[in-house]
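One letter stands for each residue in the lines below.
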Amino acid sequence: MRALPVVTRAVLFAMCAGAPQPALGQASHTLVVAPGTALATLGEAVARASAGDRIVVRAGTYREPLVTIDKPLIIEGVGDAILDGESAHAILTVAADDVTIRHLHFRDVGVSYTSDLAAVRVLAVRNCRIEDNRIERAFFGIYLAKSVGCRVIHNDIRGAARDETSSGNGIHLWAARDALIADNHVSGQRDGIYFEFVTHTIVRGNTSEHNLRYGLHFMYSDDCQYLGNTFRYNHAGVAVMYTHRVLMAGNRFVSNWGDAAYGLLLKEIDDSRVEDNEFAHNTVGLSADGANRLVASHNTFRSNGWAVRLLSSTDDARFERNNFFDNTFDVGMRGGETTTRFAGNYWDDYRGYDLDRNGVGDAPFHPVRLFSLIVAQNPPTLVLLRSSFVMLLDGVERAVPSLTPSSVVDDTPALTPIR
Amino acid sequence: MIEFRALMKSFGARDVLRGVDLCVRPGRVTAVVGSNGAGKTTLIKCLLGLVRPDGGEIRVDGVRVGDDPAYRAAIGYASQTSRFPEHLTAREVTKILLGLRGESAVIDWELFERLAIAPHLDTRVRALSGGTRQKLAVALAFLFAPRVVVLDEPSAGLDPAANAVLKDKILSERSEGKTVLVTSHVMSELDELADDIVFLRAGRVGYAGSVQKLRVFTGQPHLERAIASMMNKEVVCA
Amino acid sequence: MRVAAKIAAFQLLDVLRSRWLFGYAIFFLLATELLLRFGGDPTRALVSLTSIVLFTVPLAAIVFATIYVHRAREFVELLLAQPVGRDAMFAGTYAAMAVLLSAGIVLGIGMPFALRGGAGVGGDAVLLVGAGVALTLVFAGTGVALALRTDDRLRAFGIALGVWACAALAYDAVLLVAATALAGAPLERPLLVATLANPIDLARVVMLMHLDISALMGYTGASFTRLFSATAGTAIAAVSLAAWAAGPALLGARLFRRKDF
């Protein structure tokens, strides 16, 4: 993977930047919160603690109003320390730099139609660490606003969302930068991971599944990287918009089915790279709507309804050395000709030959079938898919192309799958 | 006794039987004659339930021919054109008919010998000559000792030797008190066989009665002429 | 019933000896085996196989049935002159034909999958075999009815080909042209109903719902999914196909009962 050095550097940077460092020369104390003791609520512990202290929360269920952390602290659960929002209110607000929250178990954050109640809300701070927490039935899970250099790692967020209006996002970042979102699991929320005005952030190794809307949804979030994540069984898949310079590599976009469901929908995403990803069992694998100068390479598209759907709003995109297996339609088009180029891809429908034995088919491959054009213009005709007549029609068109766009062509189709 | 009453049949606009009244007497050989298209085969197929009459009725021994196929157990039939399943042997074809006729049916193997079918019994139908197939068809009509034997143009396609065997067989059946109904458009063939004669013309009975009476009555020894002179006589069952 | 069984039995024997049935089974056997070996993953093989079945089975069934009825005519006449009822005769003949044609599909497609333990798509393979058998019944029944109505052999053969071409090709062509002409109108429901009205399309859509679900879930979403993807949907399709299979057979029986030989 050519992107690796860049990625590694970025990760290292994020790790250094995110480590909280107590001020020198100041002794730190540990406060222990436990039910039935003198210190029975987290709120009281925070009030008593000084900057740099550590608060240990012992197993038990804590029902108390919203706790605001206003000084650098390490708050750590031991055993099953449950912070209960009683389905009525938010639980923690981080309002100071260098706060660490780990091993806590949040549950039942209240639903509100006027404010974004969250299990952990981080507001205008630097270097927070939110790690190894469990968050159940939260309206919003982890909500970062106007923060820099925060790390959200290895949290397990399980929502119980029923409809979009009464549910919030799992990991929600607004106007943040230099964050690291890694190895989290999010399910049952509205959007699994949501970014708006986020820059220079890395999203790595997360699994986002069974969310009501998108597994990942971002807009206006330039220069971020999405590496090795899995997005599956999300109602509308993944949709990302209005952003420049995105790198998406090694992700899996799997089993996003339905009317308007996409493995990955790129809308107005300029100068971005989509590499080494797997798109499988989606209604649409990759939809490119205004994905200008997109480079999609070494991806595998398998068993999608449409592997790639290309809209004429996309200029100068390149699809190179991707694998196309078992898709109902390899490339769907809306609009006529395109400036997008296909080169060196493996198409399992390719029936060409290679007389000079250079591994490249001697005849070009036209991945747009006539019937897919018909369906694009008149969706209900899809019901005729694979009927003998339609196959006849496609066969004739393939033999004597006249209606399918001649600019969508792979002149150097690979004869064997690309590894 | 087989009775036809006011039997009508038309195929589309073509009236084939236009009110046939007829009585076939038991223990006698009755010849149905007439030119092509006179309605001979249709009359016979009505008797066998192969063609459904538009009007009138048929009674076999007093029982009206209807949907119950049981009455056909008493009838043996050879049709004008015969085809058998190509990949079965003559013996298997015979066994099929036996199976459909029930366990009590008796096979007259001796007739197979005399018609020289016996050596071909284990040959598949597709390998049999047309003549052998026709002999098999005729033999099958007698096979299960029926009380009534119906033969539609049986001599067509039979060699002279087989024809002689067939005639002997018909006569021996009569001597056993069986009823034989045979059609032909070649009347001379029937001279020595028929006891009664039925002349069909354009779907009606032109003459029906005993051959002997016909000859005496008309003074014509030749059957064909005798019929010609009797054409418009009405005859009903005795 | 016993009479019908006897009649079916000898016809089975006759056709089995003629060996064409083996050719029919071997055709499917080879197609299945080759697709499973060289056609990519088993689901893809099934998709290709579905196209083959939808194309060939109706054609083979209607042509075979038409020819069979005419070839058997004289012998049927001889049998009907025996103490045999017409319903028993028809039931036996139809059953023999249905069993034979179905056996070709069941063995030809079934064996390669069975030898691979279902190849991971056993359920869908069974569904395809079921669809093939259903189409066999529909088109064999249609061929029988057609041959009984039309005494002229060549004419019957021509009509059989015409009926097949209409159901397999022309029907969808008309749908596509009509849908294109009416583009923009709410076509989803009418097209769906039109699909149910053609057994080949019905069988195809049932298979699609299991094999190409990703694509179909896309556009045609709501009404489609509601109708077909659930167990109830498959049940509806099965009942429709059964009705389709029963229709021509009952018509054939009716024609046979009234037929003059």
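Heads up: the structure comes first, above all this text.
Residues numbered from 1 in each chain as written. Chains lettered and ligands numbered in written order. Predicted model: local features only at pLDDT ≥ 70, side-chain atom pairs only at ≥ 80, totals over all residues.

Details of the overall build of chain C
Summing up its helical and strand segments, chain C has eleven helices and zero strands in all. Traced from its N-terminal end to its C-terminal end, chain C shows the element sequence α-α-α-α-α-α-α-α-α-α-α. For 261 residues, the compact-globule estimate of 2.2 N^0.38 gives 18 Å, and the C-alpha radius of gyration of chain C, at 19 Å, lies within 12% of that figure. Buried residues in chain C amount to 50% of all 261 residues. Intrachain contacts of chain C at a sequence separation of at least 6 include 78% that bridge at least 24 residues. (Helix = DSSP H or I, 4+ residues; strand = E, 2+ residues; numbered from the N terminus. Rg over C-alpha atoms; globule rule 2.2 N^0.38 Å. Buried ≥ 20, exposed ≤ 12 C-beta atoms within 10 Å, placed from the backbone. Contact = placed C-beta atoms within 7 Å.)

Quick word on the interface of chain A and chain C
Often the size quoted for an interface is simply the accessible area lost on bringing the parts together. If you look at the interface, chain A gives 30 residues, while chain C gives 36 residues. Contributing elements (two or more residues each) for the side of chain A that touches chain C: α3 (370-377) and α4 (388-399) of chain A. Per-element tally for the side of chain A that touches chain C: the top contributor is α4 of chain A, with four residues.

Quick look at the arrangement of the chains
For the two pairs of chains in contact, the maximum contact count is reached by chains A and C. The closest approach of any C-alpha atom in chain A to one in chain B is 36 Å; the two make no contact.

Quick word on the interface of chain C and chain B
Residue-level contacts link 21 residues of chain C with 24 residues of chain B. Broken down by secondary-structure element, the contributors of at least two residues to the side of chain C that touches chain B are α1 (2-18) and α3 (42-80) of chain C. Broken down by element, the residue count for the side of chain C that touches chain B peaks at seven residues, all from α1 of chain C. Grouping the constituent residues of the side of chain C that touches chain B by class yields eleven nonpolar, three polar and seven charged. (Nonpolar A, V, L, I, M, F, W, Y, C, P; charged D, E, K, R; others polar.)

A word on the sheet that holds strand β8 (residues 179-184) of chain B
Sheet strands pair by backbone hydrogen bonding; their relative direction is either parallel or antiparallel. Residues and elements named next belong to chain B. An order of β6-β7-β8-β3-β9-β10 is seen for the six strands of this open sheet, with the pairing classed as mixed. With one partner strand each, in any of the chains shown, β6 (75-78) and β10 (204-210) form the two edges of the open sheet. Going from strand to strand, the sheet's axes swing by 15 degrees on average, the running direction of each strand aside. Both β6 and strand β7 (residues 148-152) contribute to a ladder of four bridges, which runs parallel. (Pairing = 2+ DSSP bridges. Axes fitted to C-alpha atoms, helices over the stretch in contact; angles between N-to-C directions.)

Digging into the pairing of strand β2 (residues 54-57) of chain A
Residue and element names in this part refer to chain A. The alternating pattern of β2 places I55 and V57 on a buried face and R54 and V56 on a face that is not buried. Across four bridges, the pairing between strand β1 (residues 30-33) and β2 is parallel. Residue pairing in the sheet places T30 in a bridge with R54 of β2. The pairing of β2 with strand β5 (residues 74-77) spans four bridges and is classified as parallel.

Here's the deal with the pairing of β10 of chain B
Residue and element names in this part refer to chain B. Where strand β9 (residues 196-201) meets β10, six bridges bridge the pair, whose relative direction is antiparallel. Bridge pairing in β10 places R201 opposite R204. The loop that links β9 with its antiparallel partner β10 comprises two residues; one of these, A202, has a positive phi angle of about 50 degrees.

Points about the packing of α3 of chain C against helix α6 (residues 153-181) of chain C
Residues and elements named next belong to chain C. Relative orientation of the contacting elements α3 and α6 amounts to 160 degrees, with a least axis distance of 10 Å. Taken together, the axes of α3 and α6 are roughly antiparallel relative to one another. The crossing of α3 and α6 is right-handed. Along the contact surface, α3 presents F55, P58, L59, I62, V63, T66, I67 and H70, while α6 presents R153, A156, F157, A160, V163, W164, A167 and A168. (Parallel < 35°, antiparallel > 145°, perpendicular 65-115°, else oblique. Left-handed = near helix turned anticlockwise from the far one by under 90°.)

Considering helix α1 (residues 40-47) of chain B
All names here are of chain B. Judged by how many residues are buried, α1 sits mostly within the fold: seven of eight residues are covered. Taken together, the buried positions of α1 are occupied by K40, T42, L43, I44, K45, C46 and L47. Once α1 finishes, G49 follows within two positions and takes phi at roughly 80 degrees, a positive value.

Side note on the environment of F113 of chain C
Residue and element names in this part refer to chain C. Looking at the element boundaries, F113 is found in helix α4 (residues 86-115). In sequence terms F113 and S18 are 95 residues apart; their C-alpha atoms lie 27 Å from each other. In this view, F113 contacts G118, A119, G122 and A125; residues no more than four positions away in its chain are not counted.

Points about the sheet that holds strand β19 (residues 193-196) of chain A
Residues and elements named next belong to chain A. The twelve strands are arranged β4-β7-β10-β13-β16-β19-β22-β25-β28-β31-β34-β37 in an open sheet whose pairing can be described as parallel. In this open sheet, the two strands that pair with only one neighbour each are β4 (67-69) and β37 (329-334). Within the sheet, the average angular offset between the axes of one strand and its neighbour, ignoring direction, is 10 degrees. Taken together, the six bridges between strand β25 (residues 237-244) and strand β28 (residues 262-270) define a ladder with parallel strand orientation.

Notes on the environment of S187 of chain A
Residue and element names in this part refer to chain A. Relative to the assigned elements, S187 resides in strand β18 (residues 185-187). On the neighbour-count criterion, S187 (21 C-beta atoms within 10 Å) is buried. Sequence spacing of S187 and V254 is 67 residues, and the spatial spacing of their C-alpha atoms is 15 Å.

A look at helix α2 (residues 20-38) of chain C
All names here are of chain C. Between the first and last C-alpha of α2 there are 27 Å, a value that for 19 residues agrees with the 27 Å anticipated at 1.5 Å per step. Listing the buried residues of α2 in full gives Y24, A25, F28, A31, T32, E33 and L36. The elements touched by buried residues of α2 are α3 and α4. The first or second residue beyond α2 is G40, which carries a positive phi of 85 degrees. (Expected span 1.5 Å × (residues − 1).)

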